[in-house]
Amino acid sequence: MSAARLTGTKYGCGSGGCGACTVMLSRYDPHCSANACLLPVVSLHGAAVVTVEGIGSTKTKLHPVQERIAKAHGSQCGFCTPGMVMSMYTLLRNQPQPSLEDIREALTGNLCRCTGYRPIVDGFKTFCGVSECCQNGESGKNCCGGGPSTLCNAPAWSQVRTQEKTVQTLVLHLHFQLMLQKGGGGRLCFQGNRVKWFSPADLSDLLELRAAHPNAPLVVGNTNVGDPGFCRERVTDPTGTGALWAIAGVTFGSACSLSEVKEELQGAVGRLDPEESRVFQALLNTLRCLAGKQIRNMAVSRGPQRLKCSAFSVAVASYKLTHKLPFSPFAGGTREVPLNEKFFAGFGRTHLRADEVLLSLHIPRSQPWEFVSAFRQAQRREFAFSIVNAGMKVVFKEGTDTVQSLSIFYGGMGPTLLRVKRTCEGLVGMSWNEGLLEEACRLLAEEVALPPTAHGGKTEFRSILSLSFFFKFYMQVVQELREKVGRHKRKRSEPESYLLTILHPSHIQMVSEIQSSKDPVGRPRVHIAAFQQATGEAKYYDDLPAVSGELFVFMVTSTRAHAKIISMDFSEALRVPGAVTFLSARDVPGQNRRLWFNNTEELFAEEEVCCVGQIIGAVVAESREQAKRAAERVRVTYDDLSPVFFTIEEAIQHQSFFNPKRKLERGNVDEAFGKVDRILEGEMYMGGQEHFYMETQGLIAVPRGEDGEMDLYVATQHAAFTQEVVGHTLGVDSNKITCHVKRLGGGFGGKVMKIASLSAIAATAAYKTGRAVRCVLDRGDDMLITSGRHPFLGKYKVGFMNDGTILAADITYYSNGGSTLDESSFIMEKALLHMDNGYKIPNLRGHGLVCKTHLPSYTAFRGFGGPQGLTIIESNVDLPAHQVRAVNMYSEEESYTHHRQPFCPRDMVRCWDECLEKSDYSSRRLAVQHFNATNRWRKRGICAVPLKFGIGFSKGFYNQGAALVNIYKDGSVLVSHGGTEMGQGINTKAVQIASRILGVPMSSIHIKETCTGNVPNAAPSAASFGTDAVGMAVKDACEKLMKRLEPVMKAYPKWTWSQWIVEAYCQKISLSATGFFMGPHTSVDWEKSEGAAYYYFTFGACCSEVEIDCLTGDHKNIRTDIVMDVGKSLNPALDVGQVEGGFVQGLGLYTIEELQFSPDGALRTRGPNQYKIPALCDIPPQLNVHLLADSQNPNAIYSSKGIGEPPVFFGCTLFFAIKEAIAAARRESGLNGRFALSSPATVEKIRMACVDRFTEMVPCPEPGSFTPWAINV
Ligand SMILES: Cc1cc2nc3c(=O)[nH]c(=O)nc-3n(C[C@H](O)[C@H](O)[C@H](O)COP(=O)(O)OP(=O)(O)OC[C@H]3O[C@@H](n4cnc5c(N)ncnc54)[C@H](O)[C@@H]3O)c2cc1C
Ligand code: FES
Ligand code: FES
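Residues numbered from 1 in each chain as written. Chains lettered and ligands numbered in written order. Predicted model: local features only at pLDDT ≥ 70, side-chain atom pairs only at ≥ 80, totals over all residues. Heavy atoms only, no water.

1. Points about the overall build of the protein chain
Logical step 1: A tally of helices and strands in the protein chain yields 35 helices and 46 strands.
Logical step 2: A compact globule built from 1273 residues should have a C-alpha radius of gyration of about 33 Å, and the protein chain, at 31 Å, falls within 12% of that.
Logical step 3: Along the first, second and third principal axes, the C-alpha atoms of the protein chain reach 95 × 80 × 70 Å.
Logical step 4: Counting only residues that meet the buried cut, the protein chain has 63% of its 1273 residues in that class.
Logical step 5: In the protein chain, 77% of the contacts between residues at least 6 apart in sequence involve partners at least 24 apart.
Logical step 6: By element, 51% of the accessible surface of the protein chain is carried by carbon and sulfur atoms, the whole surface being about 46100 Å². (Helix = DSSP H or I, 4+ residues; strand = E, 2+ residues; numbered from the N terminus. Rg over C-alpha atoms; globule rule 2.2 N^0.38 Å. Buried < 20%, exposed > 50% of the residue type's maximum accessible area, 1.4 Å probe, protein only. Contact = heavy atoms within 4.5 Å. Areas by Shrake-Rupley, 256 points an atom, 1.4 Å probe, with all protein chains shown as cover.)

Dropping the structure here:
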């Protein structure tokens, strides 16, 4: 598509895991959404592909889907937006009257890292006729009151869809009809450079091809085959047949997509008596969670190599379904095989012969005394591979509860499908009662035991899950048997249509009634690039057309954690067609170093490597595929060095720490411990987090061929630093290097440091070859090379009085910094500076040590150590929320933090009180207690936390901002500033500010890009300080201009803006001004433990309720209420977006996102299929965000407050609520004491902490007695 200049379809992962590349595929049948990254072009023969560009544009007309997502504030960085648009668009093409459940399903395969999903759903809900408020009201009104061009009272899709019947659609329809009449035509063959594709004419042709090319994979949905690699031949399958409804069950043609299977099964469930459709219901339940909608549209039910691992196939298998396999006609006929453990030969393999083709899949109806269920548990509730899945079926002797036969199959318990034969046989003839349960568990525990070294790790958890699944099955059957005897009709399980209750943020701030309706400040204006983002017109660095002669660079990274580089042989690499050159340290013309506050980091490792993933070289080639292939052929020999260690504990043992080691202390901690009533000691571990910005890191370096000039089009949050590093690397002054940043597809702190190194490497390649060089990291390499949020370990000792007052706390924080310092010491400082949160702890001491390990260097991530610092103290507040304020919170008007910075906590206390009130905390707490008392296997928890978060850089010199404002003769205004737009809306706010001061509409003001040539030496867009700095600078520049224009305006008061500008020009008044903001001189004296570290504090409070499934570890986020103090918001819609998006990122940090490393330090989680960020299914159905009213902040622009980072911490409410729920479950097992739970609270950790009879049946292997599959670092 890039060749066709259709850049709206984005690359986010290349593996079907994010949905950024969603397009609509149309054949004669209904349209379907599909992942472009998995679609081989040849598979599109005879199909129409509609990309986001095909449905609307800002030049012609926006499609309502594009318009509504934009107006609902559903686009922040915009990188996921075209994919979201295309998923919704496809739904509307198929379903003119979509339900909320349809929307939920349509979006299951689309991830967004910025918004928190709520506004996206809000925009799309309008198509169901659900009225939404645009929140774009004027003159003190929350809502614009409706109208044809707004979101309010927007017509349902059924009322507007007539627009869709375009001539193009009709032509396509006719074309497909003709194709259908003509039949498929003959065999097609596509010959590429490396691969040959056959598309057979019909089934017999397919069989012929299979016989002739037994090694060529059969590609259907290609969701499993993926990249062609070096297999030279492949066959695409045209044998799609629809589902056949038969008396005995449903037969699916083997090319039915999983979506079609699902639809058919849904139909069958609707038609049949629940008793007869048990198996269909079980399959439906698992199909709902299997992959995303796009994958289900493409993947076929018999993609057997993969599906063997799914609950879907397990449930099918347990039912002894058959596949009909036509033998090659030459061998003669078809055969029927049961889909059971004998069918699957091992991981990714079946016993199908190379010349065989699966023809159909038959699923019979359930019989009256048969009970069947399927179970799966995954890292995330939907759109995730299951960790363990199971299919179970029991047949009773008619009219009794005596087991006639039992089949149990597990997936995820070994390399292939596991049938627990011994257990099943052992239970035949028994009655379905407690005795059977006991015996079943005993037998199962023996039969499913996994060795601790098993592939995939989590072995104890997986074994316990297999027992828990059986227990669930047992309970379900008991229930169903009761109903059967009682002749009750069984209620069908309906999917949770939780979108029904996704609520709008209840309260945003409104501007005062006297504010001019032309003044946009304080109004919820739509992100200024939202329409371009929704139409795919918004350009990111990789969307820029290729520069003539452009090359591509691909990194070669270390495969060893600590080793001496003996040699690098790149001769094979340079033999790959298209390879141009190999780069290493010796090609760097200037310094092979990135310098950061006296800390240096090598760009290319020269002699030694200190982590897996360290860049040691790079290959430059004509195309990205060639560069990648060539890089794979670079041979490096190493001599391993010791010691090698990765974890915080190991670093403590080796006393391996970076300098400086920090300490903060208030009061006399040791003395206070002597006075307290009780002391708690313990530790808490918080895992790291991957940024997973949707746009991976990269840039284009363009040498200008004169005087060493180089332009870089780069995704950086810190253009000035990138410029500086590139200059040092090339040995060229900064004035020759220009960095251009149009926008970022998300940054979250991850595009400050590493991107400078990548830029320097790409610039070196451009320097060496004299040609433009593009660098785009693959998702896997991005995750490996650039790393993310630091794992932290907090060891604490906290002293309380009997009323809960914390009198003393002594905390030592250890962070895993990885192999180089990067920003780790500043991050540790921020953790220490936040260790008091909102609590006045008179005696408080914190030590901070950054561990040096052999992992890729950890770096900045939204919150910058704040969440880790806050979480440890929060884990020690041992009081119910309603007592916290009275006992521990700061309350004096003039309070002092533990680093002696004065502040007023009034608004924090207001947030807290409002949060408890709005969330109805007290009565819900009682309801939770009641729920827990009446449910054994489900438990709930509720938790509230306050927040005090420092805004600005504690390194004072960074607190500055600069801008340049130009007015052109036609009256239009161009604003340039030093911040970078990465979705947070900094450009929108800058334009709002300029519009207020200049008095011109926002539409007359433009921001083109961030450019080091326009605004030099800018600070990074970070520390929640971007808008504060840039906003003030823009204001300053605009005020200067207004001052210059004042005489003209006074002289001609009736003239228009354009007339004034022309007159000013004629009077030779400069229409260009720079603006500057000199921010506060923050600093901390670490020796004295004091200093004003921050400009001011943003406050808030959050309350969340969750429910856990004690048997599987699954959890459901029920409701979250947030009250946030953003001062007087510049743009409440953008601020609410930051709050929701930050909270959802915190949700991932504290509950889902888990990075795994192999014991030799290699990152195992290198894509969305292994690493799960929150999806739509994870959002609490009730997510209420309230912006605190009547709040002031004299320090920042127009009394607003920075908001980017603080809400991440609120994710911890889910963690602590889960912990409370686990505590309730443990009490049922007689365990009343405190227990440790590390973050994130994954399904595994929840299940393991809910100790019960099943957990006790699985032996815990002795730590150190085996090599685990993955380690916690
Ligand atoms: C992002 C993502 C998420 C996923 N999540 C899940 C999940 O949660 N649970 C789960 O179980 N799976 C999951 N999958 C796997 C998915 O279900 C399989 O990839 C899919 O079923 C394969 O179908 P396909 O048509 O794409 O097969 P292809 O990729 O085209 O082929 C798969 C294999 O089957 C062979 N094959 C295909 N058709 C036939 C036939 N008729 N006869 C003989 N051999 C044949 C092919 O030669 C190939 O070896 C996921 C995949 C992705 C990309
Ligand atoms: S890029 Fe295709 S799904 Fe992520
Ligand atoms: S707006 Fe969705 S990823 Fe940025």
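On we go.
2. Here we look at empty space enclosed by the protein
Logical step 1: Overall, the coordinates contain 13 cavities of 30 Å³ or more when judged by the stated rule.
Logical step 2: Taken as a whole, the largest cavity holds about 740 Å³ of empty space.
Logical step 3: The wall of the largest cavity is formed by 48 residues, among which Ser1021, Ala1022, Ala1023, Ser1024 and Glu1205 lie closest to the centre.
Logical step 4: Looking at the lining of the largest cavity, the elements that each hand over two or more residues are α24 (824-833), α29 (986-998), α30 (1026-1051) and α32 (1132-1152). (1 Å grid on protein atoms, 1.4 Å probe; cavity = no way out; pocket = protein on both sides within 12 Å on 5 of 7 lines; lining within 4 Å. Points joined across faces, edges and corners; volume = space filled by probe spheres on them.)

3. Considerations on helix α22 (residues 754-769)
Logical step 1: Compared with an ideal rise of 1.5 Å per residue, which puts 16 residues at 22 Å, α22 spans 23 Å between its outermost C-alpha atoms and is within 8% of the ideal.
Logical step 2: In the stretch just after α22, Gly770 is the one whose phi turns positive, near 70°. (Expected span 1.5 Å × (residues − 1).)

4. Thoughts on the UniProt feature "binding site: [2Fe-2S] cluster 2" (unreviewed entry) in the protein chain
Logical step 1: In the UniProt entry, the feature "binding site: [2Fe-2S] cluster 2" (unreviewed entry) is given for Cys77, Cys80, Cys112 and Cys114. The greatest C-alpha distance among the annotated residues, which extend across 38 residues, is 9.5 Å, indicating that they converge on a single site. Those annotated residues that line the largest cavity are Cys114.
Logical step 2: Topologically, Cys80 is positioned in the loop between α1 (64-71) and α2 (81-94).
Logical step 3: For Cys80, the residues in contact, after removing those within four places along its chain, are Leu111, Cys112 and Met694.
Logical step 4: Residue position: Cys114 is located in the loop between α3 (100-106) and α4 (118-125).
Logical step 5: For Cys114, a relative accessible area of 5% translates into the label buried. (UniProt positions renumbered as here; feature names shortened; annotations may be inferred.)

5. A short note on the sheet that holds strand β41 (residues 1005-1006)
Each strand in a sheet pairs with its neighbour through backbone hydrogen bonds, running either in the same direction (parallel) or in the opposite one (antiparallel).
Logical step 1: Taken in spatial order, the 4 strands line up as β41-β40-β39-β43 in an open sheet, and their pairing is mixed. At either margin of the open sheet sits one strand with a lone partner, and together these are β41 and β43 (1072-1078).
Logical step 2: Packed on one face of the sheet, α30 meets β39 (960-967), β40 (973-977) and β43 and runs near 140° to β43. (Pairing = 2+ DSSP bridges. Axes fitted to C-alpha atoms, helices over the stretch in contact; angles between N-to-C directions.)

6. Regarding the pairing of β40
Logical step 1: Of all the 5 residues making up β40, 5 are buried; the element is thus mostly covered by neighbouring parts of the structure.
Logical step 2: Burial along β40 is two-sided: the face carrying Val973, Val975 and His977 and the face carrying Leu974 and Ser976 are both buried.
Logical step 3: With 5 bridges connecting them, β39 and β40 associate as antiparallel partners. Along β40, the bridge assignment pairs Leu964 with Ser976.

7. With respect to the nonpolar core
Logical step 1: Phe124, Tyr410, Trp432, Phe470, Met555 and Trp1057 are the most contacted members of the largest nonpolar core, which totals 327 residues.
Logical step 2: Leaving out residues up to four positions away in the same chain, Met555 has contacts with Ile615, Gly617, Ala618, Ala631, Leu758, Ile761, Cys775, Leu777 and Ile785.
Logical step 3: The next biggest cluster of nonpolar side chains, apart from the first, holds 39 residues, and it includes Phe280, Leu290, Leu358 and Ile363. (Core = buried A, V, L, I, M, F, W, Y, C linked by side-chain atoms within 4.5 Å.)

8. Here we look at the side chain of Thr1112
Logical step 1: For Thr1112, the position within the fold is in the loop between β44 (1096-1109) and β45 (1115-1125).
Logical step 2: Separated by 3.3 Å, the side chains of Thr1112 and Gln377 make a polar contact.
Logical step 3: Aside from chain neighbours lying at most four places away, what touches Thr1112 is Gln377, Phe461, Leu465, Phe469, Lys472, Val1243 and Arg1247. (Polar contact = N/O pair within 3.5 Å; in protein donor to acceptor, adjacent residues only side chain to side chain.)

9. What about the sheet that holds strand β26 (residues 635-640)?
Logical step 1: Strands sit in the order β24-β20-β26 across an open sheet of 3 strands; the sheet is antiparallel. Two strands close off the open sheet at either side, each with one partner strand: β24 (608-609) and β26.
Logical step 2: One ladder, built from 2 bridges, connects strand β20 (residues 563-569) with β24; its direction is antiparallel. What sits directly across from Lys564, in β24, is Glu608.

10. Overview of the UniProt feature "binding site: [2Fe-2S] cluster 1" (unreviewed entry) in the protein chain
Logical step 1: According to UniProt, the feature "binding site: [2Fe-2S] cluster 1" (unreviewed entry) maps to Cys13, Cys18, Cys21 and Cys37 in the numbering used here. Sequence-wise these annotated residues cover 25 residues; spatially they are packed, their C-alpha atoms never more than 10.2 Å apart.
Logical step 2: Along the polypeptide, Cys18 turns up in the segment before β1 (22-26).
Logical step 3: The buried category is assigned to Cys18, whose relative accessible area is 2%.
Logical step 4: Residues within four places of Cys18 in sequence aside, it is in contact with Gly12, Cys13, Gly109, Asn110, Leu111, Phe383 and Met694.
Logical step 5: For Cys37, the position within the fold is in the loop between β2 (32-35) and β3 (48-50).
Logical step 6: Residue classification places Cys37 among the partly exposed positions, given a relative accessible area of 31%.
Logical step 7: Not counting chain neighbours up to four residues away, the residues in contact with Cys37 comprise Gly14, Ser15, Gly16 and Cys21.

11. Some remarks on helix α25 (residues 866-874)
Three or four residues apart is the spacing at which side chains of an α-helix point the same way, because the helix has 3.6 residues per turn.
Logical step 1: The element α25 is extensively covered by neighbouring structure, given that 9 of its 9 residues are classed as buried.
Logical step 2: Every buried residue of α25 is accounted for by Gly866, Pro867, Gln868, Gly869, Leu870, Thr871, Ile872, Ile873 and Glu874.

12. Here's the deal with the packing of helix α21 (residues 719-730) against α22
How two helices pack is summed up by the angle between their axes together with the distance between the axes.
Logical step 1: Put simply, α21 and α22 touch, their axes get as near as 9 Å, and they point 40° apart. One finds that α21 runs oblique with respect to α22. The two elements α21 and α22 meet at a crossing, and its hand is right-handed. Of α22, the residues touching α21 (which contributes Phe721, Thr722, Val725, Val726, Thr729 and Leu730) are Ile755, Ala756, Ser759, Ala760, Ala763, Thr764 and Tyr767.
Logical step 2: Residues of the contact of α21 with α22, tallied by class, amount to 9 nonpolar, 4 polar and no charged. (Parallel < 35°, antiparallel > 145°, perpendicular 65-115°, else oblique. Left-handed = near helix turned anticlockwise from the far one by under 90°. Nonpolar A, V, L, I, M, F, W, Y, C, P; charged D, E, K, R; others polar.)

13. Some thoughts on the packing of aromatic side chains
Logical step 1: Scanning the entire structure with this criterion turns up 38 aromatic pairs.
Logical step 2: Taking the centre distance of 6.4 Å and the plane angle of 20° together, the rings of Phe692 and Tyr1171 count as stacked. With Phe692 in the loop between β28 (678-686) and β29 (698-703) and Tyr1171 in the loop between α32 and β46 (1182-1187), the pair connects residues that are 479 residues apart, well separated along the chain. With respect to burial, Phe692 and Tyr1171 carry one shared label: buried.
Logical step 3: The ring centre of Phe692 lies 4.1 Å from the NZ or CZ of Arg779, which sits over that ring. (Phe/Tyr/Trp six-rings, centres within 6.5 Å; stacked < 30°, edge-to-face > 60°. Lys NZ or Arg CZ within 6 Å of the ring centre and 35° of its normal.)

14. Some remarks on unusual backbone geometry
Logical step 1: Across the junction of Asn659 and Pro660, the peptide omega takes the value 0°, indicating a cis bond.
Logical step 2: By secondary structure assignment, the location of Pro660 is in the loop between α19 (648-653) and β27 (662-666).
Logical step 3: A cis amide bond links Ser1239 with the next residue in sequence, Pro1240, at an omega value of 0°.
Logical step 4: Not every positive phi belongs to a glycine, and Lys458 is a case in point at roughly 50°.

15. What about the state of the cysteines?
Logical step 1: Taken as a whole and assessed by the stated rule, the structure comprises 0 disulfides.
Logical step 2: Looking at Cys32, it has no disulfide partner, and the nearest cysteine sulfur is the one in Cys21, 13 Å off. (Disulfide = S-S within 2.5 Å.)

16. Some words on the environment of Val619
Logical step 1: Checked against the element boundaries, Val619 lands in strand β25 (residues 615-621).
Logical step 2: As for Val619 and Leu1188, which are separated by 569 residues in sequence, their C-alpha atoms are 53 Å apart.
Logical step 3: Discounting chain neighbours no more than four positions away, the residues touching Val619 are Phe552, Val553, Phe554, Val556, Thr581, Phe582, Ala627, Ala630, Ala631 and Val634.

17. Brief notes about the pattern of salt bridges
It is possible for side chains of opposite charge to pair when their charged atoms get near one another.
Logical step 1: Summed over the entire model, instances satisfying the criterion amount to 71 salt bridges.
Logical step 2: A salt bridge links Lys939 to Glu1228, with the shortest nitrogen-to-oxygen separation between them at 2.5 Å. Linking Lys939 in strand β38 (residues 938-951) with Glu1228 in helix α33 (residues 1212-1228), this pair joins segments that are 289 residues apart in sequence.
Logical step 3: Overall, the relative accessible area of 0% leaves Lys939 in the buried class.
Logical step 4: Within this structure, Lys472, Arg924, Arg938, Arg940, Glu1105, Glu1107, Asp1109, Arg1119 and Asp1121 form a network of salt bridges that share partners. (Salt bridge = Lys/Arg side-chain N within 4 Å of Asp/Glu carboxyl O.)

18. Brief notes about the side chain of His898
Logical step 1: Here His898 lies in the loop between β36 (895-896) and β37 (902-903).
Logical step 2: For His898, the side chain forms a polar contact with the side chain of Asp836, separated by 3.4 Å.
Logical step 3: Residues in contact with His898, not counting those within four places in the same chain, are Leu664, Glu665, Arg666, Leu832, Leu833, His834, Met835, Asp836, Leu844, Tyr890 and Ser1089.

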